[in-house]
Amino acid sequence: MLTYLTAGESHGPELSGILTGIPAGLTLDIDEINAALAARQGGYGRGNRQKIEHDQVIITGGVRHGKTLGSPIALTIKNRDHKQWSEIMNPTSPETPENTLRKVSRPRPGHADLVGGMKYGHRDMRNVLERSSARETAMRVAVGNICKQVLAALGIKIVGYVESIGGIHAEGSQPTDVALIEAAIAKNDLRLTEDNQVVAIHDLIDEAKRNGDTLGGVIRVVAEKVPAGLGSYVSWDTKLDAKLAAAVMGVNAMKGVEIGDGFENAEHPGSQVMDEIDWADGQGFSRNSDHLGGFEGGMTNGMPVIVKAAMKPIPTLYKPLQSADINSKEVKKATVERSDTTAIVPASIVIESVVAIELAKAITDTFDGSNIDRLKRQVEDYREELKNF
Ligand SMILES: Cc1cc2nc3c(=O)[nH]c(=O)nc-3n(C[C@H](O)[C@H](O)[C@H](O)COP(=O)(O)O)c2cc1C
Ligand SMILES: C=C(O[C@@H]1CC(C(=O)O)=C[C@@H](OP(=O)(O)O)[C@H]1O)C(=O)O
């Protein structure tokens, strides 16, 4: 079974990841993993942490001479910023007054601080924020990129990008064709499509920053050439759209998930929403539209898979909101930690990654995922079978 686990604190020595279930015999492109990590560090509106980090993956297991072995893949990403935190975030040295500086006692509304502290009994909420930090998403991107490479070997392409920031929409960002989206992304660092919109968005982010405020946005991911029939209608927990929604919601700050035109579909009659079925000799079945985002009955239907995610604004505000000190119980302004103004661009890479992980999981659940060449043959045979259905 394809599964993964991550560990590591934001200012600890490093992030660790173990990924199992990747087929043997896949030639891994490490540069591509590192390019995805670099993309996750990009985007306008990030804080100063990204000037310190230079994320690169180190692989210490499951790969030999550049090819996957079928055994668990062990991954590491160093936290360069740990140098500045080596005493405070030392995993093993005993607590002293000096190395417990920078205690957090005024929880930030919207972050995990207060509830995490109450649940785990941490009186220093640094113990919460270090792990609830989205620093961990760097490892999810490394894992996701390996899954993306499995999918690419099967002809499945996937891309994520920003649809809107703080309510400003990027016009023309609706193509379902991955190549068109990638060409548009190449034009600017924001993963948006229209230059004039980018200027407006830069202004909006600058203004939020000046006001000590933050912004969220909407992300869209498209996956193409996904074979029909991944996931199943037979039980609630076999539905792939449900698994995708859980994976997306599992990313820090995501508060809404939509498949296809989900919420808009709810406002239209069925005649305008259902994707009519067509058939062509040699091609088999297809649809005339994709309002349902490539899903019927929790199964992929062969159309592009379209997933949208709504990210709330970053909770840490440089002009902090009201909080209460957990020691003195006085009502005070929340703690301010170094922070992003918006992280919608990096989040688009993270959402793309978690969608890739779920699709690779579904593929290796459906077919024998032990060896990449056998997997390729099985998927090709299956596609032929469907064409002749
Ligand atoms: C890529 C990325 C970067 C983030 N950067 C910050 C940040 O700099 N400051 C912050 O307070 N929250 C940031 N967040 C959001 C918090 O991690 C998140 O809101 C927090 O863990 C609480 O979880 P929840 O919003 O899912 O409830 C970021 C999220 C993502 C995906
Ligand atoms: C470190 C990353 O994001 C961090 C996510 C984050 C949070 O609270 O989620 C808070 C900030 O941490 P710091 O205070 O160290 O700057 C971000 O920089 C990263 O994405 O690599």
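Quick notes on the rules
- Residues numbered from 1 in each chain as written.
- Chains lettered and ligands numbered in written order.
- Predicted model: local features only at pLDDT ≥ 70, side-chain atom pairs only at ≥ 80, totals over all residues.
- Heavy atoms only, no water.
- Helix = DSSP H or I, 4+ residues; strand = E, 2+ residues; numbered from the N terminus.
- Rg over C-alpha atoms; globule rule 2.2 N^0.38 Å.
- Buried < 20%, exposed > 50% of the residue type's maximum accessible area, 1.4 Å probe, protein only.
- Contact = heavy atoms within 4.5 Å.
- Areas by Shrake-Rupley, 256 points an atom, 1.4 Å probe, with all protein chains shown as cover.
- Lys, Arg positive; Asp, Glu negative; His and termini not counted.
- Charge placed at Lys NZ, Arg CZ, Asp CG, Glu CD.
- Axes fitted to C-alpha atoms, helices over the stretch in contact; angles between N-to-C directions.
- Parallel < 35°, antiparallel > 145°, perpendicular 65-115°, else oblique.
- Left-handed = near helix turned anticlockwise from the far one by under 90°.
- Nonpolar A, V, L, I, M, F, W, Y, C, P; charged D, E, K, R; others polar.
- UniProt positions renumbered as here; feature names shortened; annotations may be inferred.
- 1 Å grid on protein atoms, 1.4 Å probe; cavity = no way out; pocket = protein on both sides within 12 Å on 5 of 7 lines; lining within 4 Å.
- Pairing = 2+ DSSP bridges.
- Points joined across faces, edges and corners; volume = space filled by probe spheres on them.
- Salt bridge = Lys/Arg side-chain N within 4 Å of Asp/Glu carboxyl O.

1. So, the overall build of the protein
Across its full length, the protein carries 11 helices and 17 strands. What you see for the protein is a C-alpha radius of gyration of 22 Å, in line with the 21 Å of a compact globule of 389 residues. For the protein, the spread of C-alpha atoms along the three principal axes comes to 75 × 50 × 40 Å. The 389 residues of the protein split such that 49% are buried. Nonlocal contacts in the protein, meaning residues at least 24 apart in sequence, comprise 71% of its contacts between residues at least 6 apart. In the structure as shown, the protein presents an accessible area of about 18,500 Å², 53% of it carried by carbon and sulfur atoms. A gap of 7 Å separates the mean positions of the 44 positive and 52 negative side-chain charges of the protein.

2. Considerations on the packing of helix α5 (residues 137–153) against helix α10 (residues 344–366)
A pair of packed helices can be characterised by two numbers: the angle between their axes and the separation between those axes. Closest axis-to-axis distance for the α5/α10 pair is 7 Å, and the angle between their directions is 45 degrees. Classified by the interaxial angle, the pair formed by α5 and α10 is oblique. By crossing handedness, the relation of α5 to α10 is classed as left-handed. From α5, Thr137, Arg140, Val141, Val143, Gly144, Cys147, Lys148 and Leu151 reach across to α10, where they touch Ile349, Val350, Glu352, Ser353, Val354, Ala356, Ile357, Leu359, Ala360 and Ile363. Residues that form the contact of α5 with α10 fall into these classes: 12 nonpolar, three polar and three charged.

3. Digging into the UniProt feature "binding site: FMN" (unreviewed entry) in the protein
According to UniProt, the positions carrying the feature "binding site: FMN" (unreviewed entry) are Arg131, Ser132, Ser133, Asn252, Ala253, Gly297, Lys312, Pro313, Ile314, Pro315, Thr316 and Arg338. Across 208 residues in sequence, these annotated residues place their C-alpha atoms as far as 44.2 Å from one another, rather than forming a single compact spot. Narrowing the list just given to those that line the largest cavity leaves Pro315. Structurally, Ser132 is set in helix α4 (residues 126–132). In contact with Ser132, other than residues within four places in its own chain, are His111, Ala112 and Asn252. Mapped onto the elements, Arg338 comes out in the loop between β17 (331–333) and α10.

4. A look at the sheet that holds strand β9 (residues 217–224)
Taking strand neighbours across the sheet as the criterion, the five strands line up as β8-β7-β9-β15-β10 in an open arrangement whose pairing is antiparallel. Both edges of this open sheet fall to β8 (168–169) and β10 (254–259), since each of them pairs with a single strand only. Here five bridges tie β10 to strand β15 (residues 305–311), and the two strands are oriented antiparallel to one another. Paired with Val257 across the bridge in β15 is Ala309. Packing against the sheet, helix α8 (residues 240–249) makes contact with β10 and β15, and its axis sits at approximately 155 degrees to β10.

5. Re the layout of surface pockets
If you add up the space inside the largest pocket, you get close to 930 Å³. Every residue lining the largest pocket is counted, 28 residues in all, and those nearest its centre are Ala228, Phe285, Asn301, Gly302 and Leu386. Those elements that provide at least two residues to the lining of the largest pocket are β11 (277–280), β12 (284–287), β14 (299–300) and α11 (372–387). With six residues, the single largest contributor to the lining of the largest pocket is α11. Taken together, the residues of the lining of the largest pocket sort by class into 12 nonpolar, seven polar and nine charged. Here the second largest pocket defines a volume of roughly 790 Å³. Listing elements by their share of the lining of the second largest pocket, those giving two or more residues are α2 (49–52), α4, β10 and α10. The dominant element in the lining of the second largest pocket, judged by the number of residues it contributes, is α10, at three residues. Of the residues in the lining of the second largest pocket, the class split is 14 nonpolar, 12 polar and 11 charged.

6. Here we look at the pattern of salt bridges
Applying the stated criterion to the full structure yields 21 salt bridges. Glu130 is the partner of Arg126 in a salt bridge, and the nearest nitrogen-oxygen pair spans 2.9 Å. Placement of the pair is Arg126 and Glu130 together in helix α4, with a separation of four residues, close to one helical turn. With a relative accessible area of 2%, Glu130 lands in the buried category. We note a salt bridge from Lys387 to Glu384, for which the minimum N-O separation is 3.3 Å. Placement of both Lys387 and Glu384 in helix α11 is noted, with a separation of three residues, approximately one turn of the helix. Judged by its relative accessible area of 42%, Glu384 falls in the partly exposed class. Each of Arg40, Arg49, Glu53, Asp55, Asp81, Arg135 and Arg338 takes part in salt bridges that share partners, so that together they form one network.

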